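Descriptive structure summary
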Amino acid sequence: MSFLERAWRRSSPWLYLLWPLSLVFRALAALRRRRGRARARGAAAAPVIVIGNISVGGTGKTSLLIALAIELRRCGFSPGVISRGYGATAGEFPKAVGADSDPFACGDEPVLIAASTGCPVVIDPDRGRALAHLLRHGGVDLALSDDGLQHYALHRDIEIAVVDGAAMFGNGLCLPAGPLREPPRRLGEVDMVVVNGAADASGATLDLPVPRFRVEMAPKGFVNLRSGAEKPFTGAPFQLGDTLQLVCGIGNPERFFQLMRRLPYPLTRIEFPDHHRFRPEDFADPRLDPRQPIVMTGKDAVKCRAFAPANCWELRAEMELPEEFVDHLLRRLAEIQPGFAAEPETQAEAERG
């Protein structure tokens with residue numbers, strides 16, 4: 001976590017010295033929003049759902065997108081995904097991404113999405129261009145945008161905003177004095193708000209005129225990055241006396257650490273910046289004991305499979321979607337495009353998928 005992020009979480013008084021810059025940022029964000037909407041293309045050939053947030057850092061939007069894509073496939077839809085592909089070095093865009101794509105060329109999150117969902121994934125800094133490519137070549141009837149809430153030139157039919165239930169809005173200020181990309185009132189304009197995790201202890205509330213749902217991450221087990229061996233999450237998956245070494249380069253490492261605290265092991269933590277470009281040398285860090293298990297998130301694991309040591313494990317975790325959330329989304333889709341209704345997969349189709 002950076003110095004500025006720690007200050008946001010603590011609501012350090014000196015941040016108010018940056019308040020004038022926050023006002024400038026809000027004004028520029030509002031201007032970008034107006035101009036973006038003016039440039040937005042007309043209705044797409046299939047419904048577009050944007051999943052994003054109003055704050056920097058990890059709120060769980062990619063986990064929500066993965067869970068939603070899997071659920072929509074189960075309901076009989078053929079969803080595809082578009083993403084900016086943060087950190088991608090691919091020479092040409094738009095670019096289709098698969099489970100076996102290079103995460104350094106395509107971005108870690110798009111590769112994780114492709115591997116987790118089996119859906120077509122297209123990356124492009126121009127999300128409108130990515131959408132056009134996906135609808136033209138992906139064989140989809142529904143598009144999900146990983147992030148893009150502030151990419152106003154992108155047409156969208158449904159907006160879903162994800163809020164970190166623990167951090168909420170931090171000190172409530174926009175960048176750089178606080179973590180917000182847009183003021184909290186922006187949430188009153190989206191179609192659905194999803195609160196990820198435990199309720200905020202600071203007393204912040206969400207009094208919004210839109211439906212609100214709470215979700216949780218559920219740990220499922222561990223997979224060895226070298227051998228593919230699996231272990232359950234419950235009980236004592238590792239040897240008693242082991243110390244689990246948690247290595248991560250994600251936007252909100254605390255959520256990962258909280259999940260791991262459920263297990264009866266001592267924990268050590270090694271944090272890297274979000275989207276860290278892992279290298280073999282990272283596993284030679286003197287802080288790491290090669291005799292003890294290393295545990296990573298899926299987002300980091302996709303970047304380390306080619307060179308991970310034998311003691312490296314991926315935590316498999318899934319976001320559990322409330323039934324009322326899925327029902328509400330399906331109703332909204334039917335309103336947007338009459339006749340666009342869910343048709344549950346047959347068992348054979350589900351197994352093939």
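Sequence order as written defines the numbering, with residues in each chain counted from 1. Totals for whole chains, interfaces and linings use all residues, but because this is a predicted model, local features are given only for residues with pLDDT of at least 70 and pairs of side-chain atoms are given and counted only at 80 or more. The basis for the side-chain values is all heavy atoms of the structure; hydrogens and waters are excluded.

Here we look at helix α3 (residues 61-74)
Basically, it comes down to this: Here a helix means four or more residues in a row that DSSP labels H or I, a strand means two or more in a row labelled E, and each is numbered from the N terminus. In this scheme, a helix's expected span is set at 1.5 Å multiplied by one less than its residue total. For each residue, the accessible area found with a 1.4 Å probe, counting protein chains only, is set against the maximum for its type, and the residue is called buried under 20%, exposed over 50%, and partly exposed in between.
Compared with the 20 Å implied by 1.5 Å per residue over 14 residues, the 20 Å span of α3 between its first and last C-alpha is a close match. Judged by how many residues are buried, α3 sits mostly within the fold: 11 of 14 residues are covered. Buried residues of α3: K61, T62, L64, L65, I66, A67, L68, A69, E71, L72 and R73, and no others. Once α3 ends, the next one or two residues include G76, with phi positive near 100°.

Description of the nonpolar core
Selection rule: Residues enter a nonpolar core if they are buried and are Ala, Val, Leu, Ile, Met, Phe, Trp, Tyr or Cys, with the set joined through side-chain atoms within 4.5 Å. Note on contacts: a residue pair qualifies if any of its non-hydrogen atoms lie within 4.5 Å across the two residues.
Residues I49, I160, F222, F256, M260 and F325 are the most contacted members of the largest nonpolar core, which totals 55 residues. Here this core gets seven residues from one element, more than from any other, and that element is α3. Once residues lying within four places of it in the same chain are set aside, the contact partners of F256 are L246, V247, C248, I250, V295, M296, T297 and L315.

Re a nonpolar patch on the surface
As a reminder of what qualifies: Nonpolar side chains (Val, Leu, Ile, Met, Phe, Trp, Tyr) within 5 Å and like charges within 9 Å form the patches, drawn only from residues with over 30% relative accessible area and no salt bridge. Only the protein chains shown count as cover for residues, with accessible areas throughout obtained via the Shrake-Rupley method and a probe of 1.4 Å. In what follows, salt bridge is the name for a side-chain nitrogen of Lys or Arg lying within 4 Å of a carboxyl oxygen of Asp or Glu.
Where nonpolar side chains cluster on the molecular surface, the patch consists of F3, W14 and L17 and spans about 370 Å² of accessible area. Tracing the sequence through the fold places F3 in helix α1 (residues 3-10). Take F3: its relative accessible area is 56%, and that puts it in the exposed class.

With respect to the pairing of strand β5 (residues 142-146)
As a reminder of what qualifies: Two strands qualify as a pair provided that DSSP identifies no fewer than 2 bridges between them.
Among the five residues of β5, five are classified as buried, and the element is accordingly described as predominantly covered. Neither face of β5 is exposed, since L142, L144 and D146 on one face and A143 and S145 on the opposite face are all buried. Across four bridges, strand β1 (residues 48-52) lies against β5 in parallel orientation. Its bridge partner lying in β5, I49 is registered against L144.

Examining the packing of α3 against helix α9 (residues 323-336)
We count it as follows: Every angle, taken between N-to-C directions, lies between 0 and 180 degrees, and every axis is a line fitted to C-alpha atoms, over only the stretch in contact when it is a helix. Convention used here: angles under 35 degrees read as roughly parallel, angles over 145 as roughly antiparallel, angles from 65 to 115 as roughly perpendicular, and any remaining angle as oblique. In a left-handed crossing the near helix is turned counterclockwise from the far helix by less than a right angle, and in a right-handed crossing that turn is clockwise. Side-chain classes follow a simple rule in which Ala, Val, Leu, Ile, Met, Phe, Trp, Tyr, Cys and Pro form the nonpolar group, Asp, Glu, Lys and Arg form the charged group, and the remainder, Gly included, forms the polar group.
Closest axis-to-axis distance for the α3/α9 pair is 12 Å, and the angle between their directions is 70°. The angle between α3 and α9 falls in the class roughly perpendicular. Both α3 and α9 take part in a crossing whose hand is right-handed. From α3, L64, L68, E71 and L72 reach across to α9, where they touch F325, V326, L329, L330 and L333. Here the residues of the contact of α3 with α9 sort into eight nonpolar, no polar and one charged.

Keep in mind that these numbers describe shape and distance, not what the molecule does.
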